Amino acid sequence: IDPAAIAQARSAQEQGALVVAYIPGGFDIPRELMGEELSCMAYYEQPELMQDIIDTMKDTSMRVLERVTDTLVIDQLSVHEDLAGKAGPMIGPTQVDTFIKPYFSAVWDLVHSRGTRIFDMDSDGNMWRVLDSFIGCGINSMHPMEPAAGMDIVEVRKKYGKQLVMRG
């Protein structure tokens with residue numbers, strides 16, 4: 001952790017900049033390590049491996065963010081997932097709730113308790129089947145909302161009201 005970078009972020013924040021911290025995606029990183037098909041199958045065939053990968057990301061993120069947020073308020077926590085296409089997500093709510101939620105919730109609880117207000121997720125595609133689960137993890141901002149994939153912002157707003165900020 002670079003103290004000079006933290007001081008620079010604090011100075012920029014005082015001038016109105018948004019301070020954003022990124023955590024590795026609970027779906028995205030296993031997919032990068034294993035490929036889409038193998039990572040999706042691993043939730044069923046190698047759940048211990050998936051749990052170990054995600055726990056390692058959680059533990060690392062927690063250690064880093066505990067130290068950073070001792071001296072800096074993070075405005076936005078961000079995660080890249082890209083786990084859906086037009087037909088829907090590549091994992092279901094059970095996988096999100098079982099594997100990803102404990103990770104996201106722990107990190108969100110930490111940074112939120114220290115002043116963070118936005119937890120943003122980047123995921124393309126039709127997220128309807130897993131949206132409740134991700135909101136249950138603390139996600140309160142999402143982008144993009146792709147009409148071609150069935151993400152009608154009017155319908156999302158009707159269901160979630162001001163629980164979810166939508167971009168793109």
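For the structure itself, look to the data block above.
Residues numbered from 1 in each chain as written. Predicted model: local features only at pLDDT ≥ 70, side-chain atom pairs only at ≥ 80, totals over all residues. Heavy atoms only, no water.

A. Just the overall build of the protein chain, in detail. A count of helices and strands for the protein chain gives seven helices and seven strands. Mapped in sequence order, the helices and strands of the protein chain form the string α-β-α-α-α-β-β-β-α-β-α-β-α-β. Against the globule reference of 15 Å for 168 residues, the protein chain gives a C-alpha radius of gyration of 16 Å, in line with a compact fold. Counting only C-alpha atoms and orienting by the principal axes, one finds that the protein chain spans roughly 45 × 40 × 20 Å. Relative to its 168 residues, the protein chain shows a buried fraction of 45%. When the accessible surface of the protein chain is split by element, carbon and sulfur atoms take 53% of a total near 8500 Å². Computing the positive centroid from 15 side-chain charges and the negative centroid from 25, the protein chain places the two 8 Å apart. (Helix = DSSP H or I, 4+ residues; strand = E, 2+ residues; numbered from the N terminus. Rg over C-alpha atoms; globule rule 2.2 N^0.38 Å. Buried < 20%, exposed > 50% of the residue type's maximum accessible area, 1.4 Å probe, protein only. Areas by Shrake-Rupley, 256 points an atom, 1.4 Å probe, with all protein chains shown as cover. Lys, Arg positive; Asp, Glu negative; His and termini not counted. Charge placed at Lys NZ, Arg CZ, Asp CG, Glu CD.)

B. Summary view of unusual backbone geometry. Here His-143 and Pro-144 are connected by a cis peptide whose omega angle stands at -15°. The topology assignment puts Pro-144 in the loop between strand 6 (141-143) and helix 7 (153-160). At Asp-82, a position not held by glycine, the phi torsion is positive, near 40°. With respect to the element layout, Asp-82 can be found in the loop between strand 2 (76-80) and strand 3 (84-85).

C. Highlighting the sheet that holds strand 2. One open sheet accounts for five strands, arranged 1-2-5-6-7; its pairing is parallel. Single-partner strands in this sheet number two, and they are strand 1 (20-23) and strand 7 (165-166). Bridge count between strand 2 and strand 5 (residues 118-122): five bridges; the pairing is parallel. Along strand 5, the bridge assignment pairs Gln-76 with Ile-118. Taken strand by strand, helix 5 (residues 93-113) contacts strand 1, strand 2 and strand 5, and its axis lies near 160° from that of strand 2. (Pairing = 2+ DSSP bridges. Contact = heavy atoms within 4.5 Å. Axes fitted to C-alpha atoms, helices over the stretch in contact; angles between N-to-C directions.)

D. Fine view of the packing of helix 6 (residues 128-136) against helix 7. The geometry of helix 6 relative to helix 7 is characterised by a closest axis approach of 13 Å and an angle of 40° between their N-to-C directions. The angle between helix 6 and helix 7 falls in the class oblique. Considering only the axes of helix 6 and helix 7, their crossing is right-handed. Residues Trp-128, Leu-131, Asp-132 and Ile-135 of helix 6 lie in contact with helix 7, whose contacting residues are Glu-155, Val-156, Lys-159 and Tyr-160. Class assignment for the residues of the contact of helix 6 with helix 7 results in five nonpolar, no polar and three charged. (Parallel < 35°, antiparallel > 145°, perpendicular 65-115°, else oblique. Left-handed = near helix turned anticlockwise from the far one by under 90°. Nonpolar A, V, L, I, M, F, W, Y, C, P; charged D, E, K, R; others polar.)

E. Spotlight on the side chain of Gln-76. Looking at the element boundaries, Gln-76 is found in strand 2. For Gln-76, the residues in contact, after removing those within four places along its chain, are Leu-18, Val-19, Val-20, Ala-21, Thr-116, Ile-118 and Asp-120.

F. The pattern of salt bridges, seen in detail. By the definition in use, this model includes six salt bridges. We note a salt bridge from Arg-31 to Asp-28, for which the minimum N-O separation is 2.2 Å. Remark: Asp-28 and Arg-31 occur in helix 2 (residues 28-34); sequence separation between them is three residues, near one turn of the helix. The partner of Arg-114 in a salt bridge is Asp-70, with the nearest N and O atoms 2.9 Å apart. (Salt bridge = Lys/Arg side-chain N within 4 Å of Asp/Glu carboxyl O.)

G. Examining the pairing of strand 2 more closely. Here strand 2 lies mainly inside the structure; four of its five residues are buried. Note that strand 1 and strand 2 share four bridges and pair parallel. When the bridges of strand 2 are listed, Tyr-22 appears paired with Ser-78.

H. Geometry of the packing of aromatic side chains. One pass over the structure, following the stated rule, counts five aromatic pairs. For the ring pair Phe-104 and Phe-134, a centre distance of 6.2 Å and an interplane angle of 40° mean the geometry is tilted. One end of the pair, Phe-104, is in helix 5; the other, Phe-134, is in helix 6, and 30 residues separate them in sequence. Taking the relative accessible area as the measure of exposure, Phe-134 reaches 1% and is therefore buried. A centroid spacing of 5.4 Å and a plane angle of 25° characterise the contact between Trp-108 and Phe-119, whose relative ring orientation is stacked. Of the two residues, Trp-108 is situated in helix 5 and Phe-119 in strand 5; the sequence distance between them amounts to 11 residues. Through pairs of rings, three or more aromatic residues link up here, namely Tyr-103, Phe-104, Trp-108, Phe-119 and Phe-134. (Phe/Tyr/Trp six-rings, centres within 6.5 Å; stacked < 30°, edge-to-face > 60°.)

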